[in-house]
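The residues making up each chain are set out below.
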Amino acid sequence: MAFNLTRMTIYALVAALEEDLRFLVKEHIDNVNLIDSELVSRSKSRIEKDIGSLFSDLDLNDIIDYFDLGDTFQTINANRACFPEHVSKLIKTLTKSFESIVSVRNRVMHIRPLNFDDLPIVSEFCKNLLNSENSITWNNVRETIQKLDDDPSFVLALDIVNYDDDQTINHNLPMPDFDETGLIGRDNEVDQVKQLCLGGFPVISIVGEGGVGKSALALKVAYELIENDSPFDAVVWVTSKTTQITLNEIKEIKGAIDNSIGVIQEIGRNVVGNEYDSNNLDEVIEYLSAFKIALFIDNLETILDDNIRQFVGALPQGSKIIITSRIGLGAYEYPIKLQGVGESYASQLLRTVAKIRGVDALSKLQEKVLRGFVNRMHRNPSYIKWFVSSVQTGLSPEAVLQNSDDFLNFCMSNVYQYLSSDAQKLTRSMQCAQGLRDIPELSYLNDFDALQAQKAIQELMATNMLSQSSVAKGASVKTSYQLSELARAYLGKHHKPSQAFQKEIRDKRNRLNSMFEEQMSRRTGNKYLTKNIKFRDKSDRVIARKLYDAQNHIRNSEHDLAFEILQEAQRLAPDYFEVARFMAYFYQKSGNFSEAREQYELAILLAPNTAQLHYWFGKFLLHSEENVEEAVEQFEKAHNLDVKAIEVSLALARGYLFQHEFDKTQNIITELSDVIITADDHLIKMYFDTEIQVLYRRADDLSKSGDLEQSIDYMERMQSKFQNLEDRHKDKHLRQKLTKCNYTLSKILKSDNEDLKSRAAKIQDWIEHECHS
C-alpha cells in the first residue's frame, strides 16, 4: 500500500527513534527476567507473526528487536538502576513527550487519519534530541534527519511494518487523503457528526460544495467509529466519486460507480459479502436490521434518484447511513451544512501545505496576505491545496487566483445541472441583485408566487449555494438570503445572466425603489392611522404594496380579492407583524371578531414593543368587542411605549372614562391641554368631547349616589366648558351628546330643593336650545 510523504516521514523518524532506544536497552539489559513478562510475550507474538514460528534458541536481543516505542522507554524507566544516571534521568524527563509520540506512532502504524500537527511534533522532538546537550548519541535519528535534509523522498521507498493486531471492528475504510496536513479546523464538526452517529438520527447528511471537505470529515468520523468501543458491528464505506481535480483539468475516475444500482450493489457486496445477490435489495436491508452497521455513502449527488431514496427510506432501526453530497436528500436526513473552514484555520492550512511542499513564495508570507488569499478562495480546503500546487509549478499567486475556472467548475459540477428551472432563474436574479434579499423581494424579481419562491430557495439551500442571515425583529426573525461566495464566483464565470435579463431585473429594482418612495410619501404624519404601515426596513416595500392593495379592496367591499392578497402576503412574510395586523383588520371588517382578535394577538407577539399594535388592538376591543377592561390594558401598554402620542393618550383617557376612572381621565386631559392645539381637527374634537363627557358623567355618578348639589355643580361646569368652545368645535355630534344629561337633570328636577330644580331647569332649556341650533 502506498502512503504519502507526511505519513512516511513520521514513520521514518519514529522507526529511527525506536531503533536508538532498542540499542540503549540491549546495551544495558542482559537478563530477560528484568523485562516485564507481558512485554516479552508481546514481542514473541510479533516474532511469530513475522517469521511464522518461534525458535527455541531466541536470545534477549531477538526479543528486544521487536520492542515498539512504548516498550523501550517503559523498560528503561522500570530498570533505572541498570542504566547510567544521565541516561535514566533523561529518559524519565522525556517520558511525557514519548507518550505523546506513541499516539502519533499508533496513528501511523494502524493507518488512522493523522492530526495536522503530528509531523511537526515528531520532527521538532527529534531535532531537539540532537540539539540538546546529552551524552546519548541518537545515531539513527541523526542519520534519518540527515537523509531527510538531503532527499525527503527517500522515505517513500520504506515499508510500514506492524505486527500488532488492530483491535477494531470490521471495516473497509480507504486511506485518508488528508494526511499531508491532517484535518485542520474541523474538530467541532467531527464531534457533532460523531455524536449524531451515536444518537437517534438514522440518516445524517454532510452537504456542501465540492472541495469543502465533506469526504474528509466523513472519513475522519468513520475511523473514530471503528475502535473497539464502537457500538457498531461494522463500518462500511462506498463512494460514487466520478471526478477529481488536477492542476490542468477535471479528470474522470476510471471505473467509478456512476449510477444508483451500482452503489446499492457495492453496498450489498460490502455488507452481505461476495455471495450477495445483486438484485436483492431486501437482503441488504435484512443485514442492516440484523447487525448495527454504519454505512457511509460518499458523493451521493452523482447517483441520487428514487432507488437511493427508497433504500434510505427502508433503513431499519439500529444501523446508520451517513452520506456526503453536494445536494441533500430533501427528506429522512439530519443535514450538516459544511462551509469553508475558519479564516485562521484556512491560513494555517495554506502555510502548512506550502511548508510541506517547499513553496517558500507562500510559506513565508505575512499572515495578513495569506488571509487575503484564503478569503478569495472562500476558505475551501481543496481550493487552497490546488492553489499551492499551482504556485509550486511557478505561477504567481495572483495568476492562479484569477484563472481558477477548472476548480470552480469542479466544486459546482453535479449541482447546477440538477437544479430546477425556478432555482436556476433565482440564481440569475441573485447575481443581478447581489446582497441579502428576502423572499418577498425575490418572488417579485422572479415573478414567483410564495410557494414557488420557497421551493426554489429550499432547493438552493440544500446545495449550499445560498447563505442566509437571520435578524431578530421584535419577537420575530427576519431571514434573508444571498449566493454563497463560491457559488457566486462559479455562476459569474459559467452561468452569467444575459444582458436582457440583467435589464429586466434592473428595471424591477427601480420600480421597487419608486414603489418605496411612493409608499413613504403616502404616509401622513399620524402613524396611528390605520392606513399607515410601519416598515421594519426597506425590503418590506413588496409586502407593503400588497397590504395597500388589500386595504383598498376591503374599502370597496371586494373581500375575496383582499383575502387572496393577504394570504399571499402571509405566505411571503409570515414574520411581518403588519401582515397579521392587516389580516386582523380584514376579519374585523368582515365581522369575524374571533379571527380578528387572534391576528391582532399574533401581530403583538411578533412586535410586542410596537405602540401602534397595542393602540389598534385596544380600539378593536373597545368598539368591536365592547371589552373596556382589556382595551384599557392595551391602551396603557401603548401609552407606556409612546407617552407623547396624543392619539394614545386620548384613547386611554376615554377608556378610563368608560371605567368611571374620572380622576385618571382628567389627569390625561390636563396633561394634553398645552399640546392639543398641535393635533388635527379630529383629535381636537375628541379632546373637547372627552372634556365635556368627563364632567357630565361625573354629574351622573354623583346624582346616583344622592349628591345632587355636587351633581348640578358639574353640570354647570360642563355648560360653561361647552359655551367657551369655538363654534367650529360645536358640531352636531357633540351637541347631540348633550341630551345624555337629561336623565340626570330629570332626577334633580324631582328633588325637593327649589334652588337645585331651578338650576337644573335652566341647563335643560339650554340643552334644548343647543340641540336645535
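Residues numbered from 1 in each chain as written. Predicted model: local features only at pLDDT ≥ 70, side-chain atom pairs only at ≥ 80, totals over all residues. Heavy atoms only, no water.

**Some points on the packing of helix α29 (residues 628-641) against helix α30 (residues 646-658)**
Then comes step 1: Between α29 and α30, the shortest axis-to-axis distance is 9 Å and the interhelical angle comes to 150°. Here α29 lies roughly antiparallel to α30, going by the angle between them. As for the relative orientation of α29 and α30, their crossing is left-handed in sense. Judged by residue contacts, V628, V632, F635, E636, A638 and H639 of α29 engage V648, S649, A651, L652, G655, Y656 and F658 from α30.
Then comes step 2: Across the contact of α29 with α30, the residue classes break down as 9 nonpolar, 3 polar and 1 charged. (Axes fitted to C-alpha atoms, helices over the stretch in contact; angles between N-to-C directions. Helix = DSSP H or I, 4+ residues; strand = E, 2+ residues; numbered from the N terminus. Parallel < 35°, antiparallel > 145°, perpendicular 65-115°, else oblique. Left-handed = near helix turned anticlockwise from the far one by under 90°. Contact = heavy atoms within 4.5 Å. Nonpolar A, V, L, I, M, F, W, Y, C, P; charged D, E, K, R; others polar.)

**Brief notes about the nonpolar core**
Then comes step 1: One finds L350 and F387 to be the most contacted residues of the largest nonpolar core, which totals 135 residues.
Then comes step 2: Broken down by element, this core gets its largest block of residues, 11 residues, from helix α32 (residues 681-704).
Then comes step 3: Those residues in contact with L350, other than ones at most four positions away along the chain, are L362, L370, F373, V374, M377, I384, F387 and V388.
Then comes step 4: One finds L21, I145, F178 and V190 within the second-largest nonpolar core, a separate group that totals 77 residues. (Core = buried A, V, L, I, M, F, W, Y, C linked by side-chain atoms within 4.5 Å. Buried < 20%, exposed > 50% of the residue type's maximum accessible area, 1.4 Å probe, protein only.)

**Quick word on the pattern of salt bridges**
Then comes step 1: Tallying each qualifying case throughout the model produces 45 salt bridges.
Then comes step 2: A salt bridge links D689 to K737; the shortest N-O distance between them is 2.9 Å. You can see D689 sitting in helix α32 and its partner K737 sitting in helix α34 (residues 732-737), a full 48 residues away along the chain. Residue D689 shares its accessibility class with K737, and that shared class is buried.
Then comes step 3: Put simply, E726 and R728 hold a salt bridge, and the shortest N to O gap is 2.8 Å.
Then comes step 4: For E726, a relative accessible area of 45% puts it in the partly exposed group. (Salt bridge = Lys/Arg side-chain N within 4 Å of Asp/Glu carboxyl O.)

**Overview of the confidence of the model for the chain**
Then comes step 1: Per-residue confidence for the chain gives a mean pLDDT of 85, with 90% of residues at or over 70.
Then comes step 2: Considering each helix and strand of the chain separately, the mean pLDDT is smallest for strand β5 (residues 250-252), with a value of 42, and largest for α29, with 96.
Then comes step 3: In the predicted structure, residues 242-258 sits below a pLDDT of 50 and forms 42 contacts with residues beyond four places in sequence or in another chain. (pLDDT = per-residue confidence, 0-100.)

**Looking at the side chain of R597**
Then comes step 1: By the secondary structure assignment, R597 is in helix α27 (residues 593-606).
Then comes step 2: When its relative accessible area of 19% is taken as the criterion, R597 is described as buried.
Then comes step 3: For R597, the side chain forms a polar contact with the side chain of E625, separated by 2.8 Å.
Then comes step 4: Once residues within four sequence positions are removed from consideration, R597 is found in contact with F617, F620, L621, E625, N627 and E630. (Polar contact = N/O pair within 3.5 Å; in protein donor to acceptor, adjacent residues only side chain to side chain.)

**Details of the packing of aromatic side chains**
Then comes step 1: Per the stated rule, a full pass over the model turns up 18 aromatic pairs.
Then comes step 2: Ring centres of F586 and Y587 lie 5.5 Å apart, and the angle between their planes is 65°; on these two criteria the pair is classed as edge-to-face.
Then comes step 3: Look at F722 and W766: their rings are 5.6 Å apart centre to centre, the planes differ by 80°, and that puts the pair in the edge-to-face class. On the criterion of sequence distance, the pair formed by F722 in helix α33 (residues 708-723) and W766 in helix α36 (residues 754-771) is long-range, its members being 44 residues apart.
Then comes step 4: We classify W766 as buried; its relative accessible area is 9%.
Then comes step 5: Among the aromatic side chains, those forming a connected cluster through ring pairs are F593, Y600, F617 and F620.
Then comes step 6: Looking at R428, its charged tip hangs above the ring of F501, at a distance of 5.4 Å from the centre. (Phe/Tyr/Trp six-rings, centres within 6.5 Å; stacked < 30°, edge-to-face > 60°. Lys NZ or Arg CZ within 6 Å of the ring centre and 35° of its normal.)

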